[in-house]
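Chain residues, written in single-letter form:
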Amino acid sequence: MSVKKLAVIMDPLQNISPHKDSSLAMMLEAKARGFEIFCGDLDDIWLDKNVARGRLKKVQVFDDPDHWFDFVETVEIDLGDLDVILMRKDPPFDIQYVVSTYVLEQAQQQGCVVVNSPQGLRDANEKAFLAWFPDCVPATLIARSLDQMRQFISAHKKVVVKPLDMMGGRSVFSTSIDDGNHNVIFETVSDYGRRYTMLQQYIPEISITGDRRILLIDGQPIPFALARIPAEGDHRGNMDAGAGVEVHPLTSREQEICDQIGPLLRKKGLLFAGIDIIGDYMTELNVTSPTGIKELQRETGLPIAGRLFDAIESRFDSN
């Protein structure tokens, strides 16, 4: 029986935070299942006519915060000969990212299971995709027009302003109608009306119950939420921005939101997703490189990475 092969397309392995990195959690689960593991960045994959190719580093991974990997060798390979590719490259979701999904789609056509689906990644912008679930989200505007942004803040008084292509709380602002800087924030994030920008009604529960991350595998939620409480003096519920974490069972409202979004996630091949909920509303739907596996596994004892790989391996026979 041949050895199964897994590749992870991600930011440099040596730069991760091993105590909380979800990609590493996935790689450790793959190791336990006997996979050979490779990793690479966007520079390392390309199309040769219609054949997806990669120059990838074979790695050994370890559950050790001081020594979490060793590079073994570099190999050149047809990506279609791999069993699984995990697309875990962090945003920005720019044209370079989009082109990489065309490379991965050819690997998928040639027999590899790609998680998440390249077409699904292109379809489901992590901010704009909320429009498909209007009953789950707060008042939201996605626009380039500065006039429309001013009308929105006049109507809702306090808003959160976000770029559409970033992550981890980067370039996210909270502002109000009484804040003399709100026009500057709109101009800065939208590049003076040249970039679509998201505005959402501010949800005050962020400071009490936090920004709650729920992970979904093949459209089904893990039954616990990772509540990220903003650091004092900050409005962002992002671990990268210093938020503290707590774990809670899902509320009925959180389960209701998951029930609404799960079928479309499955239909689009978004096998692993993370949604962010503040109060009673979903504020983001993360599909590029959702995080939270290690924290939830530590606090609940649930084998989240194992459940993900059960879902991945179930696709081998049907692919």
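Conventions and cut-offs
- Residues numbered from 1 in each chain as written.
- Predicted model: local features only at pLDDT ≥ 70, side-chain atom pairs only at ≥ 80, totals over all residues.
- Heavy atoms only, no water.
- Helix = DSSP H or I, 4+ residues; strand = E, 2+ residues; numbered from the N terminus.
- Rg over C-alpha atoms; globule rule 2.2 N^0.38 Å.
- Buried < 20%, exposed > 50% of the residue type's maximum accessible area, 1.4 Å probe, protein only.
- Contact = heavy atoms within 4.5 Å.
- Areas by Shrake-Rupley, 256 points an atom, 1.4 Å probe, with all protein chains shown as cover.
- Lys, Arg positive; Asp, Glu negative; His and termini not counted.
- Charge placed at Lys NZ, Arg CZ, Asp CG, Glu CD.
- Core = buried A, V, L, I, M, F, W, Y, C linked by side-chain atoms within 4.5 Å.
- Salt bridge = Lys/Arg side-chain N within 4 Å of Asp/Glu carboxyl O.

Engineer: Could you give an account of the overall build of the protein chain, naming the residues involved and the relevant values?
Structural biologist: Helix and strand counts for the protein chain stand at eight helices and 17 strands. Here the C-alpha radius of gyration of the protein chain, 20 Å, is about what a compact globule of 319 residues would show, namely 20 Å. Oriented by its inertia axes, the alpha-carbon framework of the protein chain measures out at about 65 × 45 × 40 Å. When each of the 319 residues of the protein chain is scored for burial, the buried share is 52%. Of the contacts made within the protein chain by residues no fewer than 6 positions apart, 67% connect residues no fewer than 24 positions apart. For the protein chain, the exposed area adds up to about 14,200 Å²; of that, 47% sits on carbon and sulfur atoms. Positive and negative side-chain charges in the protein chain, numbering 34 and 47 respectively, have mean positions lying 3 Å apart.

Engineer: How would you summarise the nonpolar core if you had to cite specific residues and measurements?
Structural biologist: Counting residues in hydrophobic clusters, the biggest one holds 45 residues, and the most contacted among them are Leu-56, Leu-79, Leu-82, Ile-85, Ile-275, Met-282 and Leu-285. Discounting residues that sit within four places of it in the chain, Met-282 has contacts with Leu-130, Phe-133, Cys-136, Val-137, Pro-138, Ile-257, Ile-261, Ile-275, Asp-276 and Ile-277. Counting 37 residues, the second largest nonpolar core, distinct from the first, contains Val-8, Leu-86, Leu-296 and Ile-312.

Engineer: For unusual backbone geometry, give the residues involved together with the corresponding values.
Structural biologist: Omega for the peptide link from Val-115 to Asn-116 comes to 0°, which places this bond in the cis form. By the element assignment, Asn-116 lies in the loop between strand 7 (113-115) and helix 3 (118-123). Its identity as a non-glycine residue notwithstanding, Asp-218 has a phi of 50°, on the positive side. Checked against the element boundaries, Asp-218 lands in the loop between strand 12 (211-217) and strand 13 (220-221). Residue Asp-218 is classed as partly exposed on the basis of its relative accessible area of 22%.

Engineer: I'd like a rundown of the pattern of salt bridges, residues and numbers included.
Structural biologist: Under the definition given, this model contains 25 salt bridges. Residue Glu-36 pairs with Lys-5 through a salt bridge whose shortest N-O separation is 3.9 Å. Taken together, the residues span a long stretch of sequence, with Glu-36 in strand 2 (residues 36-40) and Lys-5 in strand 1 (residues 5-9) at a distance of 31 residues. For Lys-5, a relative accessible area of 25% gives the class partly exposed.

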